[in-house]
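Structure assessment
Here's the letter readout for the chains.
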Amino acid sequence: MTATSPSESTATPQPTVTLTPSLTQPREVNRRDRRASRDVNITMYVTSWCRFCREARALLNSLPNLKVTIHDIEQNKAKGAEMLAKTGGQGGIPVLDIEGAVIQGFDAAAIMDVIGLARTRVNPSGRR
């Protein structure tokens, strides 16, 4: 039995990896990535003087891939009535309708949770 010096390599050689052209091209985004980046439609009912409405707007502005429609319920009484119909007559603001899920008041964690759930569902047009 002979001893090997530290400079001698006794390890087996590593296999050579050759990439085919299809593996070197940018890959298509996988399904989970597409869902995470799909646009979420949000309708928001606000007033100009509401501090929580401003905070909700700031949160939504900081997030990617949202299509937000904002209605000032003092300027548009019909939208105020629409908001009341969605909340069962409750008048607190802001109200966010995130693809059918209605959140009344500003709760950042609840808003983020519902947006996350909405991203994983099939949107109304049938696309993820």
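Residues numbered from 1 in each chain as written. Predicted model: local features only at pLDDT ≥ 70, side-chain atom pairs only at ≥ 80, totals over all residues. Heavy atoms only, no water.

1. Some points on the overall build of the chain
Heads up, the condition is: Only DSSP runs of H or I with at least four residues qualify as helices, and only runs of E with at least two residues qualify as strands; both kinds are numbered from the N terminus onward. Burial here depends on accessible area, computed with a 1.4 Å probe over protein chains only, as a share of the maximum for the residue type. Under 20% is buried, over 50% is exposed, and the range in between is partly exposed. Note on areas: Shrake-Rupley with a 1.4 Å probe; residue coverage comes only from the protein chains shown.
The secondary structure content of the chain amounts to 5 helices and 4 strands. In the chain, the succession of helices and strands from N to C terminus is α-α-β-α-β-α-β-β-α. Considering the chain as a whole, with its 128 residues, one finds that 27% of them fall into the buried category. Accessible area of the chain: about 8,900 Å², with a carbon and sulfur share of 54%.

2. Describing the nonpolar core
Stated formally: By nonpolar core we mean a set of buried residues, namely Ala, Val, Leu, Ile, Met, Phe, Trp, Tyr and Cys, connected to one another through side-chain atoms within 4.5 Å. Residue contacts follow a heavy-atom distance rule, with two residues in contact if any of their heavy atoms lie within 4.5 Å.
Core analysis: the largest hydrophobic core is formed by 23 residues, its most contacted members being Ile42, Leu60, Ile98, Ile111 and Ile115. For this core, the secondary structure elements donating two or more residues are β1 (40–46), α3 (51–61), β3 (95–98) and α5 (108–120). For this core, the element with the most residues is β1, which contributes 5 residues. Every residue in contact with Ile115, bar those within four places of it in the chain, is listed here: Val40, Ile42, Leu60, Leu63, Leu66 and Ile98.

3. As for α5
Convention followed: Multiplying 1.5 Å by the helix residue count minus one yields the expected span of that helix. Note: the arc covers the axis-to-C-beta directions of the helix.
The end-to-end C-alpha distance of α5, which contains 13 residues, comes to 19 Å, matching closely the 18 Å that a straight helix rising 1.5 Å per residue would cover. Within the span of α5, buried status applies to Ile111, Val114, Ile115, Ala118 and Arg119. Buried residues in α5, looked at end-on, bunch into an arc of 140°, giving them a common side. Opposite its buried face, α5 presents the exposed residues Asp113 and Leu117, each directed more than 90 degrees away.

4. Some words on the sheet that holds β3
What counts, and what does not: Following DSSP output, two strands are said to pair if at least two bridges run between them. Each axis is a line fitted through C-alpha atoms, taken for helices only over the stretch in contact, and angles between the N-to-C directions span 0 to 180 degrees.
Across the sheet, which stays open at both edges, the 4 strands sit in the order β2-β1-β3-β4 with mixed pairing between neighbours. The sheet is open, and its two borders are formed by β2 (66–72) and β4 (101–104), each paired with just one other strand. Adjacent strand axes in the sheet meet at a mean angle of 15° when their direction is disregarded. In this structure, β1 lies alongside β3, joined through 4 bridges in antiparallel fashion. Looking at the pairing, Tyr45 lines up with Val95 of β3.

Function cannot be inferred from these measures alone, as they are strictly geometric.
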